[in-house]
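Structure at a glance
These are the residues of each chain, in order.
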Amino acid sequence: MARSHEAGIGCLAGGGGGSTVSGMTVGFLGLGVMGQPMAANLARAGTDLIVWSRTDRGDTPPGATRAASVDEVFARAGTVILMLATEQAIDAVLPAEVGGKLVVHMGTTSPEHSERLGARIVAAGGRYVEAPVSGSRGPAEAGELIGMVAGEAEDLSLVRDLIAPLCRQVVDCGAVPGALLMKLAVNTFLISMVTGLAEAFHFAEGHGLDTAVLRQVLDAGPMASTVSRGKAAKIVDSDFAVQAAIHDVLKNNELVVAAARRRGLRSPILDVCRDLYAAAAEHGHAGADMAAVVHAYRKATH
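Criteria and cut-off values
Residues numbered from 1 in each chain as written. Predicted model: local features only at pLDDT ≥ 70, side-chain atom pairs only at ≥ 80, totals over all residues. Heavy atoms only, no water. Salt bridge = Lys/Arg side-chain N within 4 Å of Asp/Glu carboxyl O. Buried < 20%, exposed > 50% of the residue type's maximum accessible area, 1.4 Å probe, protein only. Axes fitted to C-alpha atoms, helices over the stretch in contact; angles between N-to-C directions. Helix = DSSP H or I, 4+ residues; strand = E, 2+ residues; numbered from the N terminus. Parallel < 35°, antiparallel > 145°, perpendicular 65-115°, else oblique. Left-handed = near helix turned anticlockwise from the far one by under 90°. Contact = heavy atoms within 4.5 Å. Nonpolar A, V, L, I, M, F, W, Y, C, P; charged D, E, K, R; others polar. pLDDT = per-residue confidence, 0-100. Pairing = 2+ DSSP bridges. Right-handed = clockwise from strand over helix to strand, strands pointing away. Core = buried A, V, L, I, M, F, W, Y, C linked by side-chain atoms within 4.5 Å. Expected span 1.5 Å × (residues − 1). 1 Å grid on protein atoms, 1.4 Å probe; cavity = no way out; pocket = protein on both sides within 12 Å on 5 of 7 lines; lining within 4 Å. Points joined across faces, edges and corners; volume = space filled by probe spheres on them. Disulfide = S-S within 2.5 Å.

**Concerning the pattern of salt bridges**
Summed over all chains, the structure comprises 14 salt bridges. Its salt-bridge partner being Asp59, residue Arg57 comes within 3.6 Å of it at the nearest N-O pair. Note on Arg57: relative accessible area 58%, which makes it exposed. Among the charged side chains, a network of salt bridges with common partners joins Asp56, Arg57, Asp59 and Arg66.

Right, here's the structure in full:
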């Protein structure tokens, strides 16, 4: 598969690969911006996949079976992947009967919620692994995500094979909630970098510079990355088709700030970023790509 122009940023250690887990049915809950291409790659790799989502947009991946309910997924699958948007969504749909099931949490929630979720599942006789991913829709489509996993060693071995078709690399992060804490650290860099990029273009616009030339300089320079090239192109072309939505980035930003406060850590850059993404959302860009944070700057100067 071709490499995406917007690869995720991750902690790189340990290999992914192209294998999948055979001989078992896997459930997948949540077919959103990230979930749909992730489920599609699992089905394409030959996983016996049963999927469920709150809404049916005709997005069931070829080769997968669509379930009528979450209970049906848990009845038929031994391993169930959660790719749901919020903590509230997870808590609302997860059944009480998860005994004998391996639940793999691939979304982004607070580390504290993940710990509670894992404890609930284990108390009910199930097993639990965190496996959040770094990357946006482009890397999800290309199977180029970076996976971060935490949990019991025997479960991690199975999960690494299971998510290999989704990931360029899979990184061990110790015990729960190590993977989600790592994801928040990664997002701290990602959010601050993209916000700084937007500010650079706002500065250039304010001085009457040709932003296409700025893009050319940045793309050729030592600070260039697949993310910076992709987001710079979006700003210059005013193409804010979603790869990672403003509302999702704002949620992640708030998780970072909250986790820092609980630990007594400072987060001055992410404090400012949070306000900028909130402003962009308020100005009608909540569903646009995170590069649309540039509108928060533009609005403030008018």
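**Points about the packing of helix α7 (residues 178-206) against helix α10 (residues 246-262)**
Close contact between α7 and α10 brings their axes to 10 Å; oriented N to C, the two are set at 120°. By the angle class used here, α7 and α10 are oblique. Seen along the crossing, α7 lies across α10 with a hand that is left-handed. Note on element contacts: α10 touches α7 through Val249, Asn252, Asn253, Leu255, Val256 and Ala259, opposite Lys183, Leu184, Asn187, Thr188 and Ile191. Split into classes, the residues belonging to the contact of α7 with α10 amount to six nonpolar, four polar and one charged.

**Topic: the confidence of the model for the chain**
Mean pLDDT for the chain: 92, with 91% of residues reaching 70 or above. In this model, residues 1-20 is a region of pLDDT below 50 whose contacts with residues beyond four sequence positions or in other chains number 67 contacts.

**Regarding the pairing of strand β5 (residues 102-105)**
Burial along β5 is two-sided: the residues Leu102 and Val104 and Val103 and His105 are all buried. In terms of strand pairing, strand β4 (residues 79-82) meets β5 through four bridges, oriented parallel. If you follow Ile81 over to β5, its bridge partner there is Val104. Sheet topology places β5 next to strand β6 (residues 127-130); four bridges connect them, and they run parallel. When the sheet's bridge partners are listed, Leu102 is paired in β6 with Arg127. Handedness of the crossover joining β5 and β6 through helix α4 (residues 111-123) is recorded here as right-handed.

**Topic: the nonpolar core**
Phe240 and Tyr277 are the most contacted members of the largest nonpolar core, which has 31 residues in total. Elements that contribute at least two residues to this core include exactly α7, α9 (226-237), α10, α11 (268-285) and α12 (294-300). Ranked by the residues each element gives to this core, the list is headed by α10, at seven residues. Residues contacting Tyr277, with those up to four places away along its chain left out, are Ile191, Val194, Thr195, Ile246, Val249, Leu250, Asn253, Met290 and Val293. Residues Leu31, Val51, Ile81 and Val149 belong to the second largest nonpolar core, which totals 30 residues.

**Considering α9**
For α9, built from twelve residues, the straight-helix expectation of 16 Å at 1.5 Å per residue is met to within 8% by its first-to-last C-alpha distance of 17 Å. Taken residue by residue, α9 has Val227, Ser228, Gly230, Lys231, Ala232, Ala233, Lys234 and Ile235 as its buried positions. Ser238 lies just past α9 and shows a positive phi near 50°.

**Some thoughts on the side chain of Asn252**
Tracing the sequence through the fold places Asn252 in helix α10. Ignoring sequence-local partners within four residues, the contact set of Asn252 consists of Thr108, Lys183, Leu184, Asn187 and Ile191.

**So, the layout of surface pockets**
Estimates place the volume of the largest pocket at around 870 Å³. Val33, Met34, Met83, Ala85 and Asp248 are, among the 43 residues lining the largest pocket, the residues nearest its centre. The set of elements that each furnish at least two residues to the lining of the largest pocket consists of β7 (133-134), α7, α9 and α10. With five residues, the single largest contributor to the lining of the largest pocket is α10. Lining the second largest pocket are 20 residues, with Leu181, Val256, Ala259, Ala260 and Leu265 positioned closest to its centre. Looking at the lining of the second largest pocket, the elements with two or more residues in it are α4, α7, α10 and α11. When residues in the lining of the second largest pocket are grouped by element, the largest group, five residues, is from α7. Residues belonging to the lining of the second largest pocket are distributed by class as follows: twelve nonpolar, three polar and five charged.

**Remarks on the state of the cysteines**
Among covalent bonds in proteins, the disulfide is the one between the sulfur atoms of two cysteines. Here the structure, examined in full by the defined rule, presents zero disulfides. For Cys167, which is in no disulfide, the shortest distance to another cysteine sulfur is to Cys173 and amounts to 12 Å.

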